[in-house]
Amino acid sequence: MLSAFSHSNLHIPKHIFLKRFISNNVQQETVKNQSRFSRYVLGGSIVGTGALASYHYLLDSQQQRKIRINLQSVRRAARSFYLGIKIAADYKWNLWGLDDNSDEYNNNIKECHLRSANKLVDICIKNGGLYVKLGQGLSTMNHILPKEFYVTLRKLQSQALRSEGNDIDELFKEEFNKLPSEIFKEFDYKPLAAASLAQVHKAVDYEGNEVAVKLQYIDLQDRFVGDVFTCRCILEMIGFAFKNFNFSWVLDELKDTLEKELDFINEANNSKRCYNELKNLNFVYVPKVLDNLTTKKILCMEFINGVKISETTEIKKMGLDLKEIDEKLVKMFAEQIFNTGFVHADPHHGNIYIRTKEGTKNKAEIVLLDHGLYDTITEDDRKNLCKLWKYIILKDENKMKYYSSKLKVEGNFFAKFVKYLSAH
């Protein structure tokens, strides 16, 4: 304060002196306030961070995982929306002002399809989980999607996640409140097979029986709603920018499929129903489910030794006849399609195993696996389909058209439908 009355200030007019005096004090007070504010911010940040860290530490592992998943979902969503904008812009820029029927338009749109498909493959791999499964689902829609899409997206068929030991232990603790070592005499942490939603491990129970344990990736159900919503927004964004290629409706079908596949109790029930409906075919076997060790995320069943139906060389080495296997395969699916109406909807080579029937030397037995997806065919549709097949063989085109219309296949789709059925 005394410095304000220094000798140099004595010759300054009083009003100027007071102005300077007030200004100096205001500046000093402002600096003090800024310094105080900075300390408050720093202190608050430290306390807030500490409080959040303490709160996170007090949560159990499942709650901690959900927080982590929510943060990761924001990152996946941001990455996906950015991709959607890039794809939409690519179509708009390269097709702007072009006639839909021109050669330039056709060439440009094929290039756009290919670039977009490659971008989708990259983002599915980066985001993992349900994105990979959705991409795999899209790759099978060769009757809807442009060739550039479904061919490129097939790269995702070989993509699969891997659960580490800690995730496996955590999953068992959440589902059974026990570790695998407390449930099984032996448990192999190395998976026998892995797919986009789950992986399969081999174990031995305390009675000495070999069992197959299917484990869902621990975070998939927590991610489901957010990831599906993000995918829908992206597809709608692309559809808004390019009206001829709005495939957001495809997601509705895939969403229903995924919901079923993520419920292993549903799969267990399907498996038991399939077993009961096909037990009259003595060449078909459906593995038994262990209900006491099955939850929505863990499915336990008897272990089966066999070879994939696609491994024809190995099948021949077993002394089995491929023609006999073909006939049995047709009979098995014919029983489901035309008689029971409860049809396995995912019969790829990894889900159909062949082994030698017990008590025989060279008779094949078909083992049907993975019962997560089934379609139901009504009795009326089964009858109409039978009639359609009959008249395809008799080459009666009028009756073929009639029964195709009963199956809601009419107009330009009739010829393709009949050709498709007769070719397979």
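Residues numbered from 1 in each chain as written. Predicted model: local features only at pLDDT ≥ 70, side-chain atom pairs only at ≥ 80, totals over all residues. Heavy atoms only, no water.

### A short note on helix α3 (residues 103–127)
Stage number 1. With 25 residues, α3 ought to run about 36 Å at 1.5 Å a step, and its terminal C-alpha atoms sit 36 Å apart, in line with that.
Stage number 2. For α3, the complete set of buried residues consists of Tyr105, Asn108, Ile109, Cys112, His113, Ser116, Ala117, Leu120, Val121, Ile123, Cys124 and Asn127.
Stage number 3. After α3 finishes, the residue Gly128 shows a positive phi value of roughly 70 degrees. (Helix = DSSP H or I, 4+ residues; strand = E, 2+ residues; numbered from the N terminus. Expected span 1.5 Å × (residues − 1). Buried < 20%, exposed > 50% of the residue type's maximum accessible area, 1.4 Å probe, protein only.)

### Thoughts on the packing of helix α10 (residues 264–278) against helix α12 (residues 322–340)
For any two helices packed against each other, the geometry is given by the interaxial angle and the distance between the axes.
Stage number 1. One can describe the packing of α10 onto α12 by two numbers: an axis separation of 11 Å at closest approach and a directional angle of 95 degrees. One finds that α10 runs roughly perpendicular with respect to α12. Contacts between α10 and α12 involve Cys274, Glu277 and Leu278 on the former and, on the latter, Met332, Glu335, Gln336 and Thr340.
Stage number 2. A breakdown of the residues in the contact of α10 with α12 according to their chemical character gives 3 nonpolar, 2 polar and 2 charged. (Axes fitted to C-alpha atoms, helices over the stretch in contact; angles between N-to-C directions. Parallel < 35°, antiparallel > 145°, perpendicular 65-115°, else oblique. Contact = heavy atoms within 4.5 Å. Nonpolar A, V, L, I, M, F, W, Y, C, P; charged D, E, K, R; others polar.)

### Some remarks on the packing of helix α13 (residues 379–393) against helix α14 (residues 397–406)
Stage number 1. Where α13 contacts α14, the axes come no closer than 9 Å and their chain directions differ by 160 degrees. When the interaxial angle is binned, α13 and α14 end up roughly antiparallel. Remark: the crossing between α13 and α14 carries left-handed chirality. Of the residues in α14, those in contact with Asp381, Asn384, Lys387, Leu388, Tyr391 and Ile392 of α13 are Lys399, Met400, Tyr403, Ser404 and Lys406.
Stage number 2. Among the residues making up the contact of α13 with α14, the classes are represented as 5 nonpolar, 2 polar and 4 charged. (Left-handed = near helix turned anticlockwise from the far one by under 90°.)

### Overview of the nonpolar core
Stage number 1. Membership of the largest hydrophobic core comes to 33 residues, with the highest contact counts inside it found for Tyr91, Leu120, Leu130, Leu138, Phe149 and Leu153.
Stage number 2. Listing elements by their share of this core, those giving two or more residues are α2 (61–95), α3, α4 (130–139), α5 (147–153), α8 (220–241) and α9 (248–261).
Stage number 3. Phe283, Met332, Ile352 and Leu368 belong to the second largest nonpolar core, which has 21 residues in total. (Core = buried A, V, L, I, M, F, W, Y, C linked by side-chain atoms within 4.5 Å.)

### Description of the confidence of the model for the protein chain
Atomic detail in the predicted coordinates should be set aside for any region of low pLDDT.
Stage number 1. Residues of the protein chain with pLDDT of at least 70 account for 78%, and the chain-wide mean is 81.
Stage number 2. Below pLDDT 50 for its whole length, residues 1–10 participates in 8 contacts with residues either more than four positions away or in separate chains. (pLDDT = per-residue confidence, 0-100.)

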